[in-house]
Number of protein chains: 2
Amino acid sequence: MDYKAYFEQRREEHLNQLKEWISIPSISALSEHKEDVNRAANWLAETLKKAGLENVEVHQTQGHPIVYADHLHAPGRPTVLVYGHYDVQPVDPLHLWETPPFEPQIRDNKLYARGATDDKGQLFLHLKAVEALIQQGTPLPVNIKLCIEGEEEVSSTNLHPFIDTYKDKLAADVVVISDTELLAPGKPAISTGLRGLCSLDVSVRTAKSDLHSGTFGGGVPNALHALVSLLASLHDEKGRIAVEGFYDDVPDLTPEMRAELARKSFDEEQQKLTLDLDALYGEEGYSYVERTGARPTLEINGMYGGFQGEGTKTVIPCQAHAKITCRLVGQQNPQDILDKIERHIRSHTPPGARVTVTQREKGNPFTIDPSTPLLQKAADAYERVYGTRPVFTKDGGSIPIVEALSRVLSVPVVLMGFGLPDENLHAPNEHFHLENFDKGLLTIVEFLNSI
Amino acid sequence: MDYKAYFEQRREEHLNQLKEWISIPSISALSEHKEDVNRAANWLAETLKKAGLENVEVHQTQGHPIVYADHLHAPGRPTVLVYGHYDVQPVDPLHLWETPPFEPQIRDNKLYARGATDDKGQLFLHLKAVEALIQQGTPLPVNIKLCIEGEEEVSSTNLHPFIDTYKDKLAADVVVISDTELLAPGKPAISTGLRGLCSLDVSVRTAKSDLHSGTFGGGVPNALHALVSLLASLHDEKGRIAVEGFYDDVPDLTPEMRAELARKSFDEEQQKLTLDLDALYGEEGYSYVERTGARPTLEINGMYGGFQGEGTKTVIPCQAHAKITCRLVGQQNPQDILDKIERHIRSHTPPGARVTVTQREKGNPFTIDPSTPLLQKAADAYERVYGTRPVFTKDGGSIPIVEALSRVLSVPVVLMGFGLPDENLHAPNEHFHLENFDKGLLTIVEFLNSI
């Protein structure tokens, strides 16, 4: 079958369907859109049925529904589980949108609307690719399952227990997700790593109240001094994290990995200009691309204590607070890292400071070896469609559900993204470049036909 | 003349006069009390005239008036300048007062009201002591000048230029001030040091906006990390200030000075209980009393940057701010210290951080040698009245006008305080123990008669 001709013939029809779905404001974070989120789930279920998928279920949860469907008619062939999400981010600030976020418009071969690239537009490619395979008739190259959630933008709260409970139903040989990016137009990428995440709050208390800096200054502990010295002790002068054992489960970067990451060409001077920075900064001995993708971090996200008003207040603060997040890689375990940081804080607490540590979020890092055969097949598919072999990248961000799917189902996850870095996801004027709509359909079909 | 009998006979009359004055709510900080502050100045001027003082002037300023008076009829004898203030602190929180702040009441031989001890009550002692001397007739032991301001609680803004302009008119052999404290009931003290003050704000900027800690984490500077490392560098691990040259003009504590300070007995365990502190803390090698009186400090008074809300926000902050105050001693010069701190900050600024330093307040330290003959005479006077020799103390707080008077007029300043540490100045239920009202009158007369 000539899939190129097939998709070209149906392009307008497909785009009209996608626009219809995107017009539903399925903002998962805002309770006033709960019914819209439901509508988007039902639209998806109906569309899956029309595409020929079976066992279509809209699984209700305590939050938004999870949509499941399958088509299991390729005995002896691999089973592919497609994951994606039909919920979208809020649209504020509305006045910065050139056209209304839920009135999709094509300008310059780009589809503008909230959800165009994150993730309805990318997910829609799988619907249409699977539909095309089913239309083509037997023998089908693969068995297909889809598991689509409506809470990706709000921490996948109900999907985590769902995959634990339904791991047999979701069993597959590979998970495919299109929710990431190309490097640039015409330069495909496959992500082989997402960083994990853990976060904690640190509070210091000293005296029962703020004290006069004249009467007491020099004689008593200052909560801000204690917190500043604690926080400064978390990094050394080379930008390394100084918490004992922090790097224990971080894999060394092999020459091969470094060479692969170096293929992601990166212009440091341009980045400084874009961010209005005097200098980039980070762990000595690693490139910017390595530091932001393949190395862990510890960042202070916020801090406050004492007097914050105009002018001077001669006070010794009795309270100080900080918020910290780490990005994790390799086999780093968020609970283990939180415990190590807490131990560091306890052992570096200066006299007179009472420290409270509150552990918060925990998400495992995801990593996959680029030599995994299914990743190589995905790379082949990209190469056939784009005419260039994708780069295997490491992403700095965290999508904890990816690691959970890989771990619970014991399968490789292929992150086949078709977005572009400048498509304004989570921002006004989100869009999806239709060059990658067209090539994405073909790449997915190529991949499914090749495994 | 039997001054003891003289004052006993007139005690009720004197206390009624003082109550009348204290009833005027001369709160200098609140513009709605401007007329009350004026009334308190006029009451003072009238009372000085009735006491026999001459050249009484209510000198108008851009703020509140300065009251001047003199009595210069002791040729060949020393001239004493009395400084004090007739303005008072605000009274909030009002509901914590047992009786209304401007309805003076005597309970338990203590006069309760705002201004009872700070400073109307203490200043009033000088009015009545001088009146007694004038009543007693010639030959008078001293010439007297009084310079009383109404802006001590709001930085003495107009008195600083006044003493520069009228330094000939104010010329004297000694300045006497009663605005400090005894150590405890029956334990008099003469302060031989007040710390100076300087303050500054430090701000750090990095990127043009806060950045996502996943995408950028590890690759770019974090404004809070930069500020934390800058601030941590200001002290060493022994609690010493690590700014180059900071201690250059700090006099070494001689064994005699340390012995004198050690006479101020101090219960560290009790202080920990009172302040609910696990430990006292400060510069190694110095006692609490030394650290809070005779050593300089550098305190972070406030700090903020990044996310301060509930939960987690995965952001790399692009701005961070801190406020710093130093207390100075000896020959430390506030401008010189600010410049040294600024130099330290510039040389410790990490890559990618843009630092702004804003210099704010500057006040010189005051110090006087306890062996100064006039201080010894003041000590003799206390000893004759209280039956015990006063301790020469160093106070941690700052009263910049004391150093200015001493410097501009080139005279010793005798800080003859009659308050007690628990008299709630600046707080609800301010009071003045009348034992020290009675003994204060006699001590001042003894002093003036002895020089």
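Since this is a predicted model, take the numbers as computed values, not measurements. (Residues numbered from 1 in each chain as written. Chains lettered and ligands numbered in written order. Predicted model: local features only at pLDDT ≥ 70, side-chain atom pairs only at ≥ 80, totals over all residues. Heavy atoms only, no water.)

**Regarding the pairing of strand 17 (residues 413-416) of chain B**
In regular strands, side chains alternate between the two faces of the sheet. Residues and elements named next belong to chain B. Residues V413 and L415 of strand 17 are buried on one face, and the alternating residues V414 and M416, pointing to the opposite face, are buried as well. One ladder, built from 3 bridges, connects strand 7 (residues 174-177) with strand 17; its direction is parallel. From the neighbouring strand, V175 faces strand 17, where its bridge partner is V413. Both strand 8 (residues 189-194) and strand 17 contribute to a ladder of 2 bridges, which runs antiparallel. Following the sheet pairing, S191 is matched in strand 17 by L415. (Buried < 20%, exposed > 50% of the residue type's maximum accessible area, 1.4 Å probe, protein only. Helix = DSSP H or I, 4+ residues; strand = E, 2+ residues; numbered from the N terminus. Pairing = 2+ DSSP bridges.)

**Here's the deal with the sheet that holds strand 5 (residues 110-112) of chain A**
All names here are of chain A. Spatially, the 3 strands line up as an open sheet ordered 4-5-18, and their pairing is antiparallel. Since the sheet does not close on itself, it has two edges, and those belong to strand 4 (105-107) and strand 18 (431-433), each with one partner. Along the sheet, successive strands turn relative to each other by an average axial angle of 25°, direction set aside. Bridge analysis of strand 4 against strand 5 gives 3 bridges, and the strand direction is antiparallel. Bridging from a neighbouring strand, I106 pairs with L111 of strand 5. (Axes fitted to C-alpha atoms, helices over the stretch in contact; angles between N-to-C directions.)

**A look at the relation of the copies chain B and chain A**
When chain B is brought onto chain A, the operation consists of a screw motion whose angular component is 180° and whose axial shift is 0.0 Å, with 0.1 Å RMSD remaining. Taken together, the turn and the small shift mark the pair as related by a two-fold rotation axis. Residues of chain B ranked by C-alpha distance from the rotation axis are headed by B:Y304, positioned 2.1 Å from it. Interface residue correspondence from chain B to chain A reaches 100%, placing this contact among same-surface, isologous pairings. (Least-squares fit on C-alpha atoms with pLDDT ≥ 70 in both. Contact = heavy atoms within 4.5 Å.)

**Some thoughts on the pattern of salt bridges**
Within the structure shown, the criterion is met by 52 salt bridges over all chains. Between A:E57 and A:K169 there is a salt bridge, with its nearest N and O atoms 2.9 Å apart. Remark: A:K169 occurs in the loop between helix 5 (159-165) and strand 7 (174-177) and A:E57 occurs in strand 1 (residues 54-59); sequence separation between them is 112 residues. The shortest N-O distance in the salt bridge between A:E269 and A:K272 comes to 3.3 Å. One end of the pair, A:E269, and the other, A:K272, are both in helix 8 (residues 268-275), 3 residues apart, so they sit about a helical turn from each other. Each of A:R205, A:R354, B:D276 and B:D278 takes part in a single network of salt bridges with overlapping partners. (Salt bridge = Lys/Arg side-chain N within 4 Å of Asp/Glu carboxyl O.)

**Describing unusual backbone geometry**
Most peptide bonds take the trans form, and the phi angle of most residues other than glycine is negative. Residues A:D92 and A:P93 are joined by a peptide bond in cis, for which omega reads -5°. Along the chain, A:P93 falls in the loop between strand 3 (79-85) and strand 4. In this structure, A:N429 takes a positive phi of about 65° despite not being glycine. Mapped onto the elements of the fold, A:N429 is located in the loop between strand 17 (413-416) and strand 18. In this structure A:N429 comes out as buried when scored by relative accessible area, which is 12%. The phi dihedral of B:H426 is positive, around 70°, even though this residue is not glycine. Considering the arrangement of structural elements, one finds B:H426 in the loop between strand 17 and strand 18 (431-433).

**A short note on helix 6 (residues 223-232) of chain B**
Taking burial as the measure, the 10 residues of helix 6 of chain B include 8 buried ones, the bulk of the element. For helix 6 of chain B, every residue scored as buried is listed here: B:A223, B:L224, B:H225, B:A226, B:L227, B:V228, B:L230 and B:L231.

**Thoughts on the interface of chain B and chain A**
Residue-level contacts link 72 residues of chain B with 72 residues of chain A. Between chain B and chain A, the buried area comes to about 5500 Å², and carbon and sulfur atoms account for 55% of it. A per-residue breakdown of the area chain B buries against chain A is headed by B:Y281, B:E299 and B:N301, which together make up 11% of the total. Linking chain B with chain A are 6 salt bridges, by the criterion used here. Among the ionic pairs, B:D276 bridges to A:R354, the shortest N-O distance being 3.6 Å. (Buried area = accessible area lost by both parts, 1.4 Å probe.)

**With respect to helix 10 (residues 334-347) of chain A**
All names here are of chain A. Its 14 residues place the ends of helix 10 20 Å apart at the C-alpha level, agreeing with the 20 Å of an ideal helix rising 1.5 Å per residue. Taken residue by residue, helix 10 has P334, I337, L338, K340, I341, E342, H344 and I345 as its buried positions. In this structure, the buried side of helix 10 is in contact with strand 9 (196-205), helix 6 (223-232), strand 11 (297-306), strand 13 (319-328) and strand 14 (354-363). (Expected span 1.5 Å × (residues − 1).)

**Looking at the domain arrangement of chain A**
Residue and element names in this part refer to chain A. Domain boundaries assigned for chain A yield domain 1 (3-194 + 365-450) and domain 2 (196-250 + 296-363). Put simply, the middle of domain 1 and the middle of domain 2, counted by C-alpha atoms, are 40 Å apart. Counting from both sides, the interface comprises 7 residues of domain 1 and, opposite them, 9 residues of domain 2. Each partner contributes to the roughly 520 Å² buried at the junction of domain 1 and domain 2, and carbon and sulfur atoms together form 59% of this total. (Domains from an automatic or database assignment.)

**Considerations on the side chain of A:N222**
Positionally, A:N222 belongs in the loop between strand 10 (211-212) and helix 6. You can call A:N222 buried: its relative accessible area is 4%. Within the structure, A:N222 has its side chain in polar contact with the backbone oxygen of B:I300 (distance 3.0 Å). (Polar contact = N/O pair within 3.5 Å; in protein donor to acceptor, adjacent residues only side chain to side chain.)

**Quick word on the sheet that holds strand 5 (residues 110-112) of chain B**
Residue and element names in this part refer to chain B. Reading across from one edge, 4-5-18 is the order of the 3 strands in this open sheet, with antiparallel pairing throughout. A single partner strand is all that each edge strand has here, and the edge strands are strand 4 (105-107) and strand 18. Strand-to-strand twist in this sheet, taken as the mean axis angle between neighbours without regard to direction, amounts to 25°. In this sheet, strand 18 lies alongside strand 5 in antiparallel orientation, the contact comprising 3 bridges. When the bridges of strand 18 are listed, L111 appears paired with F432.

**A word on the packing of aromatic side chains**
The full count for this structure, using the stated rule, is 18 aromatic pairs over all chains. Here B:F162 and B:Y166 contribute two aromatic rings whose centre-to-centre distance is 4.6 Å and whose plane-to-plane angle is 40°, an arrangement assigned as tilted. The exposure class assigned to B:Y166 is partly exposed, which follows from its relative accessible area of 31%. Taking 5.5 Å as the distance between ring centres and 40° as the angle between the ring planes, the aromatic pair formed by B:Y382 and B:F418 counts as tilted. With B:Y382 in helix 11 (residues 373-386) and B:F418 in the loop between strand 17 and strand 18, this residue pair connects regions lying 36 residues apart in the sequence. Within the aromatic cluster, the residues linked to one another by ring pairs are A:Y3, A:Y6 and A:F7. Positioned above the aromatic ring of A:Y112, the side-chain terminus of A:R107 is 4.0 Å from the ring centre. In this structure, B:R240 packs its charged tip against the face of B:Y247, placed 4.3 Å from the ring centre. (Phe/Tyr/Trp six-rings, centres within 6.5 Å; stacked < 30°, edge-to-face > 60°. Lys NZ or Arg CZ within 6 Å of the ring centre and 35° of its normal.)

**Re the state of the cysteines**
Residues and elements named next belong to chain A. Enumeration according to the criterion identifies 0 disulfides over all chains in this entry. Residue C326 stays outside any disulfide, its sulfur separated by 4.2 Å from that of C198, the closest cysteine. Judged by relative accessible area, C326 falls into the buried class, the value being 0%. (Disulfide = S-S within 2.5 Å.)

**A few points about the pairing of strand 16 (residues 391-395) of chain B**
Residues and elements named next belong to chain B. Taking burial as the measure, the 5 residues of strand 16 include 4 buried ones, the bulk of the element. In this sheet, strand 16 lies alongside strand 8 in parallel orientation, the contact comprising 4 bridges. By the bridge assignment for strand 16, A189 is matched with V391.

**Here we look at the environment of A:S347**
With respect to the element layout, A:S347 can be found in helix 10. Residue A:S347 is classed as exposed on the basis of its relative accessible area, which comes to 58%.

**Notes on the packing of helix 2 (residues 11-22) of chain B against helix 13 (residues 434-450) of chain B**
Residues and elements named next belong to chain B. Running from amino to carboxyl end, helix 2 crosses helix 13 at an angle of 110°, the nearest separation of the two axes being 13 Å. In terms of their interaxial angle, helix 2 and helix 13 are classed as roughly perpendicular. Considering the relative orientation of helix 2 and helix 13, their crossing is right-handed. Between helix 2 and helix 13, the contacting residues are R11, H14, L15 and L18 on the first element and L434, F437 and D438 on the second. Of the residues in the contact of helix 2 with helix 13, the class split is 4 nonpolar, 1 polar and 2 charged. (Parallel < 35°, antiparallel > 145°, perpendicular 65-115°, else oblique. Left-handed = near helix turned anticlockwise from the far one by under 90°. Nonpolar A, V, L, I, M, F, W, Y, C, P; charged D, E, K, R; others polar.)

**Some thoughts on the environment of A:T297**
By the secondary structure assignment, A:T297 is in strand 11. Sequence spacing of A:T297 and A:N143 is 154 residues, and the spatial spacing of their C-alpha atoms is 40 Å. Sequence-distant contacts of A:T297, that is, excluding residues within four places in its chain, are made with A:R195, A:I241, A:F246, A:T325, A:C326, A:R327, B:G217 and B:G218.

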